[in-house]
Amino acid sequence: MSGTATGRIRIKVWSDYVCPFCMLAEGPLHEATRDLDVDIEWMPFELRPHPTPTLRPEDDYLPAIWDRAVYPMAHRLGVDITLPTVSPQPYTRLAFEGYRYAAEHGRAAEYTPRVLRAFFQENRDIGEVAVLADIAAELGLDGADFAEALTSGRYTEAHRAALRDAEANRVSVAPTIIIDGRHRIEGVPSVAQIRKAVLDAQAEQDALGDAAPACGIDGC
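Residues numbered from 1 in each chain as written. Predicted model: local features only at pLDDT ≥ 70, side-chain atom pairs only at ≥ 80, totals over all residues. Heavy atoms only, no water.

Here's the deal with helix 2 (residues 61–77)
Item 1. An ideal rise of 1.5 Å per residue puts 24 Å on 17 residues; helix 2 measures up with 23 Å between its terminal C-alpha atoms.
Item 2. Of all the bends in helix 2, the largest measures some 45° and sits at Asp-67.
Item 3. Taken together, the buried residues of helix 2 touch helix 1 (20–33) and helix 4 (108–120).
Item 4. Gly-78 lies just past helix 2 and shows a positive phi near 70°. (Helix = DSSP H or I, 4+ residues; strand = E, 2+ residues; numbered from the N terminus. Expected span 1.5 Å × (residues − 1). Bend = angle between axes of the 7 residues up to and from the residue. Contact = heavy atoms within 4.5 Å.)

Written as structure tokens, this is what we have:
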């Protein structure tokens, strides 16, 4: 389904908490939509789900990609971001299950940027339940209940269902942004790209709403 029951534009952002480009995408996304009627939902796309080995910052790959692409883009966007030294990089399933908890308790919008900042600005291991519970408590959530939810697997099936949604939408890179079910942007977007896609989606909704009622030969 595109849009929402209230006519607001739905934006789904598939991301991973260890993807620096997902953090860099957050600013343009919010700047482009701050005065528009949108609902933003962060969706999971685990780049390296368990048991796939995660990357190590002391190996050659991460420093090279950060020097070549991440740091120059961050400088252009004015974002404070540093290659974390957590090694190997954490798995992110628990962080995503924590997002389901935060969403159920009205803190979805705050949770994702806070976890990204914890990893990329504070060098914290976001694969640890204790770290995630501290973040949850900082956001006004019940840290103890949050931790129990993660250790007991309360949101594991909901997370798996969200991963199936990524497969259904053929998501293969992070970030992938789908606006109103039709407009797709892969990679870090510009403010203009996001805004045009949202305004186009709104215009499409308005056009559907203005369609003249009629009956066909098979009935009304």
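After presenting the structure, the write-up continues.
Here's the deal with the pattern of salt bridges
Item 1. Taken as a whole and judged by the stated rule, the model has 19 salt bridges.
Item 2. Between Lys-196 and Asp-200 there is a salt bridge whose closest N-O contact spans 2.7 Å. Here Lys-196 pairs with Asp-200, and both are found in helix 8 (residues 191–209), just four residues apart, close to one helical turn.
Item 3. Relative accessible area serves as the criterion here: at 53%, Lys-196 is assigned to the exposed category.
Item 4. For Asp-200, a relative accessible area of 27% corresponds to the partly exposed category.
Item 5. In this structure, a network of salt bridges that share partners links the residues Arg-114, Glu-122, Arg-124, Asp-134 and Glu-138. (Salt bridge = Lys/Arg side-chain N within 4 Å of Asp/Glu carboxyl O. Buried < 20%, exposed > 50% of the residue type's maximum accessible area, 1.4 Å probe, protein only.)

What to know about the nonpolar core
Soluble globular proteins tend to bury their nonpolar side chains together.
Item 1. By size, the foremost hydrophobic cluster in this structure holds 55 residues, and its most contacted members are Tyr-17, Tyr-111 and Ile-179.
Item 2. Residue contributions to this core peak at seven residues, all from helix 4.
Item 3. Non-local contacts of Tyr-111, meaning those with residues more than four positions away in its chain, are made with Tyr-17, Ala-95, Gly-98, Tyr-99, Ala-102, Leu-132, Leu-139 and Phe-146.
Item 4. Of all hydrophobic cores here, the second largest spans 10 residues; its members include Trp-14, Met-43, Ala-166 and Val-171. (Core = buried A, V, L, I, M, F, W, Y, C linked by side-chain atoms within 4.5 Å.)

Structural notes on the pairing of strand 2 (residues 38–44)
Item 1. As paired strands, strand 1 (residues 9–15) and strand 2 are joined by seven bridges and run parallel to one another. Each bridged residue has a counterpart across the sheet, and for Lys-12 the counterpart in strand 2 is Glu-41.
Item 2. Each parallel crossover has a hand, and for strand 1 linked through helix 1 to strand 2 it is right-handed. (Pairing = 2+ DSSP bridges. Right-handed = clockwise from strand over helix to strand, strands pointing away.)

Section: the packing of helix 3 (residues 93–104) against helix 6 (residues 143–152)
Item 1. The contact between helix 3 and helix 6 brings their axes to 10 Å, and the two run at 125°. Relative to helix 6, the element helix 3 lies oblique. Judged by the sense of rotation from one axis to the other, the crossing of helix 3 with helix 6 is right-handed. On helix 6, the residues that touch Leu-94, Glu-97, Gly-98 and Tyr-101 of helix 3 are Asp-145, Phe-146, Ala-149 and Leu-150.
Item 2. When grouped by side-chain class, the residues that make up the contact of helix 3 with helix 6 number five nonpolar, one polar and two charged. (Axes fitted to C-alpha atoms, helices over the stretch in contact; angles between N-to-C directions. Parallel < 35°, antiparallel > 145°, perpendicular 65-115°, else oblique. Left-handed = near helix turned anticlockwise from the far one by under 90°. Nonpolar A, V, L, I, M, F, W, Y, C, P; charged D, E, K, R; others polar.)

A look at the side chain of Arg-114
Item 1. In this fold, Arg-114 is placed in helix 4.
Item 2. According to the relative accessible area criterion, Arg-114 is buried, its value standing at 6%.
Item 3. Residues in contact with Arg-114, not counting those within four places in the same chain, are Glu-122, Arg-124, Ile-135, Glu-138 and Leu-139.

Considerations on the environment of Ser-152
Item 1. Among the secondary structure elements, Ser-152 is positioned in helix 6.
Item 2. Of the residues examined, Ser-152 reaches a relative accessible area of 43% and is grouped as partly exposed.
Item 3. For the pair Ser-152 and Glu-110, spaced 42 residues apart in the sequence, the C-alpha separation amounts to 23 Å.
Item 4. Within the local environment of Ser-152, its side chain forms a polar contact with the backbone oxygen of Ala-149, the two atoms lying 3.4 Å apart. (Polar contact = N/O pair within 3.5 Å; in protein donor to acceptor, adjacent residues only side chain to side chain.)

Considerations on the packing of helix 1 against helix 4
Item 1. Look at helix 1 against helix 4: their axes get within 10 Å of each other, and the N-to-C directions meet at 130°. On the basis of the axis angle, helix 1 is oblique to helix 4. Viewed along their axes, helix 1 and helix 4 form a crossing whose handedness is left-handed. Of the residues in helix 4, those touching helix 1 at Pro-20, Cys-22, Met-23 and Glu-26 are Pro-113, Leu-116, Arg-117 and Phe-120.
Item 2. Tallied by class, residues from the contact of helix 1 with helix 4 come to six nonpolar, no polar and two charged.

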